[in-house]
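Now for the letters of each chain:
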Amino acid sequence: MTRDEFERHSLRFGAAVETWPAPFRQQALALLAAERKDDPDAALDRLVLEAALTDGDDQALARKVLARIEAGSARPSLLPRLLFSPAGFAACVAAVLVAATLAGYQVARLQDDPSDTELLALASGSSLADGGIAADAEGEGSL
Amino acid sequence: MQHDEPRGDDELLARIAGGNQSALSELIARHGRGLRMFAARYLGNAGDAEDVVQEVFVTVWKQAARFDPAKGRASTWLYRITANRCIDQRRRRALRSFIGLDDIRDEVAAPEADAEATTAARQELAIVRDGLSRLPERQRMAVLLRAVGDLDIAAIAEVMGGSIGSAEQLLVRGRRALRDHLAMAAVSRERESS
């Protein structure tokens, strides 16, 4: 923080540097302590603070936040982006194929599996009629 | 170092709870920069940090009425929300990377050139950034909460959901690791120059 910036922030936040919000407060205190011998932890903190500086526009941030509030969503869902990405689309297609395969297998098994009645008839040596075991000689056809 | 919390933050949150959007804009002007710096250096990605900070202020808008000034400082509350969102974001990023949707890369814009007057200063700050990115996540969070958020040990413990002792240990270890990293980089530079 330069002296000009310090003066500008003084008008914005007030004369008491201790009441300024972070990170302006630390930068102001660092400026004031620049020529003062300080403890090593504080010096390292100042170095980390300086290293962490990034560009950013607070007004643009406020606009985006307000737009999000207006839109009524705190967080964009992962799902739409997932579906529109190539990998996400491929994953969805794979999931559909797997589901279709499993469904087909289940249907085929239902059609191919001999029923209990058929197995019973086979075991007893009877022939099948519609709806169950054909009438056999007395005493036969049932276990 | 404990600072008196400006009463302005509490008042702003009370106004936000009442649905005042200009109060939210003012809160963003006061804390948006610090939260963005914290999130960007913790996540190592400016885009993710921007998204996280937007989420934080949307959450503040929705939950401002739940903030109780008697229980803690507004800045601690804001950094706690941000820290939780950052952890969520890292998990989402890790999941997306696992299923092949994303690469994990450190992408934080370089600071303004006039903030780093000399080449030596630029190198030192680059080494600090590299050292920060190599710290274990919880140590990095503690160091950033102290340096960027200007939180004291008790507030760091509150934000991170641990004891004061564990927060202090994280901070001590993080600072020590950073100093070691800086010292090793200095030795390497000396060897290269000689």
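As a reminder, the structure under discussion sits directly above these lines.
Heads up: these notes are all about the structure in this document. (Residues numbered from 1 in each chain as written. Chains lettered and ligands numbered in written order. Predicted model: local features only at pLDDT ≥ 70, side-chain atom pairs only at ≥ 80, totals over all residues.)

## Points about the overall build of chain B
The secondary structure content of chain B amounts to eight helices and zero strands. Ordered by position from N to C terminus, the α and β elements of chain B give α-α-α-α-α-α-α-α. Looking at chain B as a whole, 43% of its 194 residues qualify as buried. Of the contacts formed within chain B by residues at least 6 apart in sequence, a portion of 68% connects residues at least 24 apart. (Helix = DSSP H or I, 4+ residues; strand = E, 2+ residues; numbered from the N terminus. Buried ≥ 20, exposed ≤ 12 C-beta atoms within 10 Å, placed from the backbone. Contact = placed C-beta atoms within 7 Å.)

## Quick notes on the packing of helix H3 (residues 40-52) of chain A against helix H5 (residues 119-134) of chain B
In a pair of packed helices, the angle between the axes and the distance between the axes together describe the arrangement. In contact at an axis separation of 9 Å, H3 of chain A and H5 of chain B are set at 90° when each is read in the N-to-C sense. It follows from the interaxial angle that H3 of chain A and H5 of chain B lie roughly perpendicular. Taking contact as the criterion, the partners of Leu47, Val48, Glu50 and Ala51 of chain A in H3 of chain A are, on H5 of chain B, Leu125, Val128, Arg129 and Leu132 of chain B. Tallied by class, the residues present in the contact of H3 of chain A with H5 of chain B amount to six nonpolar, no polar and two charged. (Axes fitted to C-alpha atoms, helices over the stretch in contact; angles between N-to-C directions. Parallel < 35°, antiparallel > 145°, perpendicular 65-115°, else oblique. Nonpolar A, V, L, I, M, F, W, Y, C, P; charged D, E, K, R; others polar.)

## A few points about the nonpolar core
Core analysis: the biggest nonpolar cluster contains 63 residues, and Val48 of chain A together with Ala39 and Ile156 of chain B have the highest contact counts within it. Broken down by element, the residue count for this core peaks at eleven residues, all from helix H2 (residues 21-43) of chain B. Lining this core are residues from two domains, each supplying at least three of them: domain 1 (1-109) and domain 2 (110-194) of chain B. In contact with Val48 of chain A, not counting residues within four places along its chain, are Val128, Leu132, Val143 and Ala147 of chain B. (Core = buried A, V, L, I, M, F, W, Y, C linked by C-beta atoms within 7 Å. Domains from an automatic or database assignment.)

## Let's talk about the environment of Thr82 of chain B
Among the structural elements, Thr82 of chain B can be located in helix H4 (residues 74-98). Sequence separation of Thr82 of chain B and Val53 of chain B is 29 residues, and the distance between their C-alpha atoms is 6.8 Å.

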